[in-house]
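Chains, contacts and geometry: an overview
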Amino acid sequence: MKEENNNNVEMYRHSMSHVLAKALTKLYPDVKLAIGPAIDNGFYYDIDTNESITNDKFDKIEETMSQIINANEDFVRKEVSKQEALEMFASNPYKVELINDLPEDEVISVYYLGDDFVDLCRGPHVENTKFLRSFAFKINKVSGAYWRGNEKNKMLQRVYVYGFMNKNELKDYIKMVNDAIARDHNKLGRELELFTTVDYIGQGLPILLPKGARIIQLLQRFVEDEEQKRGWLLTKTPFMAKSDLYKISGHWDHYKENMFILGDEEKDKEVYALRPMTCPFQYQAYLNRSRSYKDLPLRYNETSTLFRNEASGEMHGLIRVRQFTISEGHLMCTPEQLEDEFRGCLELAIFMLKTLGLYEDASYRFSQWDPNNREKYIGTKEDWDNVQGMMGRILDDLQVPYNIGIGEAAFYGPKLDIQIRNVWGKEDTLITIQIDPMIAEKFGMEYTDKDGKKKTPYIIHRTSIGCYERTLAYLIEKYAGAFPTWLSPTQVKVLTISENHNEYATKVFETLQSNNIRVELDTRNETISKKVKEATKDRTPYVLIVGDKEAQNGTVSVRERGKGDTGEVNLQDFINKVLQEVANKTLNV
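In this report, the structure presented in the accompanying data block is examined. Note that the structure is predicted; figures quoted are calculated from it, not measured.

**Thoughts on the overall build of the protein chain**
Summing up its helical and strand segments, the protein chain has 18 helices and 28 strands in all. C-alpha extents for the protein chain along the principal axes are approximately 80 × 80 × 50 Å. Considering only intrachain contacts with a sequence separation of at least 6, the fraction spanning at least 24 residues in the protein chain is 69%. Element-wise, carbon and sulfur atoms account for 45% of the exposed surface of the protein chain, whose accessible area totals about 28,800 Å². Averaged over its 78 positive side-chain charges, the protein chain has a centre that lies 3 Å from the centre of its 91 negative ones.

Shown next as structure tokens:
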């Protein structure tokens, strides 16, 4: 049967998966084929064989695949009954299981590749392997995969292959992958000793090591100081609360499965839960006394440690964790103040992104409710239409370019999600700004307006920099660990040429320390080249070398990250340069 072909990359990849399967059957006679679909960057095949497919066998597999392609073999489709298919694949339990899952009356298609290979497949494929000659492929890796993704089933070997329409596309993709591997925060963050994880502590519970903890501390101080300048008032609230609080807010009904519960509802008089967000706690600060329109807008911020019971399969380094710290804030305002306050929250978020160098990497998502899934949300259709219409007008007025995400709103209101992609292309939310017209009433939050009447405030939930752990992950990947000077855990390293220079090097070290510059001193009895190499590997922004000349002149010889030797300078001039970079938060990368 003739196929429409030759311009569909998925069809090419699907065809190549059959070429891979045939090559494996030639090389490993005992192999039993499972499934082999096309994927975004190529294709794979799950196989069952007694022989372990190791890296040293990749070349032979690729060579055999090329031989099959060059043999100009036809892909021939044949339709068979279910019984015929069962007879054809009787010796392969995986194919038999797939066939048995099909309806009795379904017509089943198989594809022959040459006279000596047949596979169960819906197609389509190219007509002949000659069309695959310019298709570029390379085996990427072999990993374990449970049959049909069920850990109770047998573990198979999954052979992954990159596949692209030509060699240039393949070359560009491999370059991108290698760059991603080099920048992957989960790998690089451990190599640079920023964080670690421990199995017996648990998934999603990273340990921040001294260097990583220092960066988080710098970010937190920066954020809290900036928020204070913009009229935000700092609170400090408990890490847990009785279930009563979450029942009022609606989290108990709408978010309970994502919370860590302390106690047994059936046995215990009081059940507690670790907080997944700070909002219902900060509302108590508002409720501490009666409020007037003159008190509004009222802005509360908090550096909040939160706990969310994320699924095990979702854990990833610092990007998705179960305990994290966030720059959370809640703003109570009148309807007339809402647009200006939302604008202020967005301007603060953009300021943070620009300061960190992440602004150009951000995208915006207007997350709305799904009217066809009403049980997921509180409030009426009119409530949602009103607040989403208002938020849409604000975003349009501010000329924010956004995509719409139906069904992605919080259960109490729509939100603007500011998202960043990691090095592998996965997008996660870094900063969120939400308008909430509903929860204030649940808590009895009111203010006396100019007309003397009691009214319910609007609430804006927002983060200014988002989750600090996630932010650190993105910064590691953005800068490949070479952080701007103001964020670098160590800003300067002082290296001695020999032990004769230890006294002067110590004086330089102490002078830098007294100017609040984060500095390390290396007086080890090692060659200067080794010391410089190690400091460079650590991505330290500045390395100062001191020897006889520098000690005599009261100077330092400077090696600047990315520039190499920049010459001998007066120590105070160097200090002024570093302090100016820190004060300006210069992105010197």
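Having seen the model, we can carry on.
**A few points about the pattern of salt bridges**
Evaluation of the coordinates by the stated rule reveals 41 salt bridges. The partner of Lys478 in a salt bridge is Asp361, and the shortest N-O contact between them spans 3.0 Å. Of this pair, Lys478 sits in helix H14 (residues 468–479) while Asp361 sits in the loop between helix H11 (338–356) and strand E17 (362–368), and the two are 117 residues apart along the sequence. The class of Lys478 is partly exposed, set by a relative accessible area of 32%. Residue classification places Asp361 among the partly exposed residues on the basis of a relative accessible area of 34%. Ionic pairing is found between Glu427 and Arg421, a salt bridge with its closest N-O pair at 4.0 Å.

**Here we look at the pairing of strand E8 (residues 155–164)**
In terms of burial, E8 is a largely internal element, 9 of the 10 residues being buried. Sheet analysis places strand E3 (residues 42–48) next to E8, joined by 6 bridges and oriented antiparallel. Looking at E8, one finds that Ile47 is bridged to Gln157. Relative to E8, strand E7 (residues 136–146) runs antiparallel, the two sharing 10 bridges. By the bridge assignment, Lys138 is partnered in E8 with Tyr162.

**Comments concerning the sheet that holds strand E20 (residues 427–436)**
Read from one edge of the open sheet, 8 strands run E11-E15-E16-E23-E20-E19-E17-E18, paired in mixed fashion. Looking at which strands have only one partner, the edges of the open sheet turn out to be strand E11 (233–234) and strand E18 (403–406). Where strand E15 (residues 298–307) meets strand E16 (residues 323–333), 10 bridges bridge the pair, whose relative direction is antiparallel. Its bridge partner being in E16, Thr305 is matched across the sheet by Thr325. Sitting on the sheet, helix H7 (residues 210–229) is in contact with E11, E15, E16 and strand E23 (458–467), with an inclination near 145° to E23. Here helix H12 (residues 381–397) sits on the sheet and contacts E17, strand E19 (415–421), E20 and E23; the angle it forms with E17, its principal contact strand, is near 160°.

**Brief notes about a nonpolar patch on the surface**
Where nonpolar side chains cluster on the molecular surface, the patch consists of Tyr200, Ile201 and Ile207 and spans about 350 Å² of accessible area. Structurally, the position occupied by Ile201 is in the loop between strand E9 (195–196) and strand E10 (207–208). Judged by its relative accessible area of 41%, Ile201 falls in the partly exposed class.

Rules behind the numbers
- Residues numbered from 1 in each chain as written.
- Predicted model: local features only at pLDDT ≥ 70, side-chain atom pairs only at ≥ 80, totals over all residues.
- Heavy atoms only, no water.
- Helix = DSSP H or I, 4+ residues; strand = E, 2+ residues; numbered from the N terminus.
- Contact = heavy atoms within 4.5 Å.
- Areas by Shrake-Rupley, 256 points an atom, 1.4 Å probe, with all protein chains shown as cover.
- Lys, Arg positive; Asp, Glu negative; His and termini not counted.
- Charge placed at Lys NZ, Arg CZ, Asp CG, Glu CD.
- Salt bridge = Lys/Arg side-chain N within 4 Å of Asp/Glu carboxyl O.
- Buried < 20%, exposed > 50% of the residue type's maximum accessible area, 1.4 Å probe, protein only.
- Pairing = 2+ DSSP bridges.
- Axes fitted to C-alpha atoms, helices over the stretch in contact; angles between N-to-C directions.
- Patch = residues over 30% accessible without salt bridge, like charges linked within 9 Å, V, L, I, M, F, W, Y side chains within 5 Å.

Purely geometric numbers; function is a separate question.
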